[in-house]
Every structure is written in C-alpha cells, then in structure tokens.
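Spelled out, the chains give:
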Amino acid sequence: MAGNWKMYKTAAETTAFFEKFAPLVAQSVHADAVICPTFVNIPAAVAATQGTRIEIGGQNLYWKNEGAFTGEISGPMLKAAGARWVIVGHSERRQYFGETDATVLQRTVAALEAGLNPIVCVGERLEQRESGNTESVLKTQFDGGLAGLTPDQFAKVTIAYEPVWAIGTGKTATPEMAADAHKFIRAQVAAKFGAEQAAATRILYGGSVKPDNVKSLMAQPDIDGSLVGGASLEAVSFSLIVNF
Ligand code: 13P
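The following refers to the structure shown.

The rules behind the values
- Along every chain, residues carry numbers that run from 1 in the direction the sequence is written.
- Since the coordinates come from a predicted model, pLDDT governs what is reported: local features require at least 70, and pairs of side-chain atoms require 80 or more to be given and counted, while whole-chain, interface and lining totals use all residues.
- Calculation of side-chain values draws on the structure's entire complement of heavy atoms; hydrogens and water are dropped beforehand.
- Helical segments are the DSSP runs of H or I of at least four residues, strand segments are the runs of E of at least two, and each set is numbered from the N terminus.
- Exposure classes here rest on a 1.4 Å probe applied to the protein chains alone. A residue is buried below 20% of its type maximum, exposed above 50%, and partly exposed in between.
- In this analysis, two residues are considered to be in contact whenever any of their non-hydrogen atoms come within 4.5 Å of each other.
- Note that accessible areas follow from Shrake-Rupley with a 1.4 Å probe, and for residues the cover is restricted to the protein chains shown.
- For the purpose of charge, His is not counted, nor are the chain termini; Lys and Arg are scored as positive and Asp and Glu as negative.
- Lysine's charge is taken at NZ, arginine's at CZ, aspartate's at CG and glutamate's at CD.
- For this document, the term salt bridge refers to a Lys or Arg side-chain nitrogen within 4 Å of an Asp or Glu carboxyl oxygen.
- Proximity is defined per residue: if any heavy atom of the residue lies within 4 Å of a molecule or strand, that residue is considered near it.
- Polar contact is defined as a pair of N or O atoms within 3.5 Å, subject to the rule that within protein one atom must be able to donate a hydrogen and the other to accept it, and that residues adjacent in sequence are counted only when both atoms are side-chain atoms.
- To estimate how far a helix should extend, the number of its residues minus one is multiplied by 1.5 Å.
- Here the aromatic set is Phe, Tyr and Trp, taking the six-membered ring for Trp, and pairing holds for ring centres within 6.5 Å; pairs whose planes are under 30 degrees apart are stacked, those over 60 apart are edge-to-face, and all others are tilted.

Per the secondary structure count, the protein includes twelve helices and eight strands. Here the C-alpha coordinates of the protein stretch approximately 45 × 45 × 35 Å along the principal axes. Burial statistics for the protein: of 244 residues in total, 53% are counted as buried. Residue pairs at least 24 apart in sequence account for 70% of intrachain contacts in the protein once pairs closer than 6 positions are excluded. As presented, the protein carries roughly 11000 Å² of accessible surface, and 55% of it is formed by carbon and sulfur atoms. A distance of 1 Å separates the average location of the 21 positive side-chain charges in the protein from that of its 24 negative side-chain charges.

This brings us to the pattern of salt bridges. For the coordinates displayed, the defined rule picks out eleven salt bridges. In this structure, the salt-bridge partner of Glu55 is Arg84, at a minimum N-O distance of 3.1 Å. Of this pair, Glu55 sits in strand S3 (residues 54-58) while Arg84 sits in the loop between helix H3 (75-80) and strand S4 (85-88); the two residues are 29 residues apart in sequence, bridging distant segments of the chain. A relative accessible area of 41% places Arg84 in the partly exposed class. Residues Arg186 and Asp224 are paired through a salt bridge, measuring 2.8 Å at the closest nitrogen-oxygen approach. Within this pair, whereas Arg186 is found in helix H9 (residues 175-193), its partner Asp224 is found in the loop between helix H11 (214-218) and strand S8 (225-228), the two being separated by 38 residues in sequence. The class of Arg186 is buried, set by a relative accessible area of 11%. It is possible to trace a salt-bridge network through shared partners that takes in Arg186, Asp222 and Asp224.

Now for the site of the ligand. Around the ligand sit 13 residues in total, of which His90, Glu162, Gly168, Ser208 and Gly230 are the nearest. Between an oxygen atom of the ligand and a side-chain N or O atom of Glu162, the distance comes to 2.9 Å. Gly230 places a main-chain nitrogen or oxygen 2.9 Å from an oxygen atom of the ligand. Bound to the protein, the ligand loses 97% of the 310 Å² it would expose on its own.

The α-helix winds at 3.6 residues per turn, so residues separated by three or four positions along the chain end up facing the same way. The terminal C-alpha atoms of helix H5 (residues 101-113) lie 18 Å apart, and with 13 residues this matches the ideal 18 Å at 1.5 Å per residue to within 8%. Looking at H5, one finds that the buried residues are Asp101, Thr103, Val104, Arg107, Thr108, Ala110, Ala111 and Leu112. Looking at the packing, one finds that the buried side of H5 touches S4, helix H4 (91-96), strand S5 (117-122), helix H7 (134-144) and helix H8 (151-154).

The tally for this structure, following the rule as stated, stands at twelve aromatic pairs. The interplanar angle of 70° and the centroid separation of 6.5 Å between the aromatic rings of Phe18 and Phe21 together place this pair among those described as edge-to-face. With Phe18 and Phe21 both in helix H1 (residues 11-24) and three residues apart, the pair spans about one turn of that helix. Residue classification places Phe21 among the buried positions, given a relative accessible area of 0%. For the ring pair Tyr62 and Phe69, a centre distance of 4.9 Å and an interplane angle of 45° mean the geometry is tilted. Each member of the aromatic cluster is reached from another via a ring pair, and the members are Trp5, Phe17, Phe18, Phe21 and Phe238.

Relative to the assigned elements, Asp222 resides in the loop between H11 and S8. When its relative accessible area of 16% is taken as the criterion, Asp222 is described as buried. Here Arg186 takes part through its side chain, which lies 2.6 Å from a polar atom of the side chain of Asp222. With residues near it in sequence (within four places) discarded, Asp222 still touches His182, Lys183, Arg186 and Ile203.

Right, let's get into the environment of Gly145. Positionally, Gly145 belongs in the loop between H7 and H8. In this structure the C-alpha to C-alpha distance between Gly145 and Thr100, which are 45 residues apart in sequence, comes to 8.6 Å.

Phi at Lys6 takes a positive value of approximately 45°, unusual for a residue other than glycine. Mapping Lys6 onto the fold places it in the loop between strand S1 (2-4) and H1. Of note, the phi angle at Ser208 is positive, near 60°, even though the residue is not glycine. Topologically, Ser208 is positioned in the loop between strand S7 (203-206) and H11.

This next bit is on the environment of Ala48. Position of Ala48 among the secondary structure elements: in helix H2 (residues 42-48). Note: C-alpha distance between Ala48 and Ile73 (25 residues apart in sequence) is 22 Å.

In structure tokens form, the structure reads like this:
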C-alpha cells in the first residue's frame, strides 16, 4: 500500500502526519506501507519513521548517478537519504514532463542499480479507453518499458496500473474494470518473464482509491495493493486503506 504525496506537504506537515499515522498501522503486518513524499521532505519522513515498519520512497529519479543535470535527483542520492522505493513513469510525469516508455525504462534500470524498489506506472487516458484501446496502450507501455528488463531486474519491480481518467477525479475504475486491466498486465508479464514470475509480481491499482472502495478493489484476485494519491495525505484515511 503506497501513498504518493505528489506536490503536497511541508517538512513540518510530514512529521505531524507520521506522528499520527505510525501508531495506526503498527500492527499492519499483512501489507507493506510506503509513503513517497516530495524530495525535500524525504529526510523528515525517514527520521519520523525510524523504528516503524513504514518505508519511504521518492516520486521520480534521473538515470545518471551525478553530473551537470540541474534540478535532477539520482538513485544513489535517494538511497543515501534513506528511501527504499521510487515511483517511475507516473502519468503526471508522462503528461507534463515529457516522460516516455524509453525514459521509464532508463529510470527503472537506474532505480534497480541504486538498490531501490521501483513502482512502475502504466495506464490509459480517457480517450484511449473510450476508443477501445486500453489493452493496446498497456501493451505498448509494457513492451516499451518493462519488457526491456532482464528477468533478475524485473523480479524486483512493482507495477502500478493507474487509469489516467481515474486519478484525482473521484471516478474509480469499477473493481471489474481494474481487474480486467490487471489480468491483462499479468498476462504480459507471463508471456515475457514466465508464469512463476507473473504470479509473484505485485500489481497495484491507483486512481481515486479511498477507505470506502479499497475493500472491493482488493477483493479482485489480480489486485495486490494500491497506489494512493489524495487519500494518503491524511493519516486516518490512509491507515484505513492500509488496514482494509
Ligand atoms: P488519487 O488517489 O488522488 O486519484 O491519485 C492517484 C495517483 O495518481 C497515485 O499515484
């Protein structure tokens, strides 16, 4: 269960969140709980979660370890700051910051080389769903990104299916729609990396996940967790999702 905080919260708000959130999920051994704050708040988040089972991630990374790349952050820097995870290829990065399947692959490899667990996002836009192209979009994203990994690399990847039209809109995919997409993605994994790997791969659903819809989504066999935006910003709300 991962929270993507996007561009929200100061360091003080980050610390206050964890003071409330950590005791609420202390017994949640059934799930990994991850929060991805903004880069500048990773140190505050790491400090606030020391000695808890909550892990911290970044929201993006650059694929070079260091260099003259103003404004970028590398995998080794995230790792040194105490992050264990990193989101790669979020639709907002694809939409506003020129992310492509090729750069998603470069960032995923960089994350793995830095010893971070990448959460790689895929998902169709509304017009792609309405024109019946959801599966071809997912296949293109998979083939152009994740399929370029070696089996050893892929084994450490978590996939997040986030239909773009369901992000921040309150329009959740129905559990059946999400389940169909997850099943399709898992079939791509099976075709490329084998049935055993497909069964072991965690595929998260993201897009307007809330405490009141998490149970029906998680009841679907191919949905292994969720990547939560808005509802992860408030401690009680995200704890209800982690503890579904
Ligand atoms: P919301 O939960 O706010 O719809 O955001 C989903 C998301 O983009 C998580 O990465």
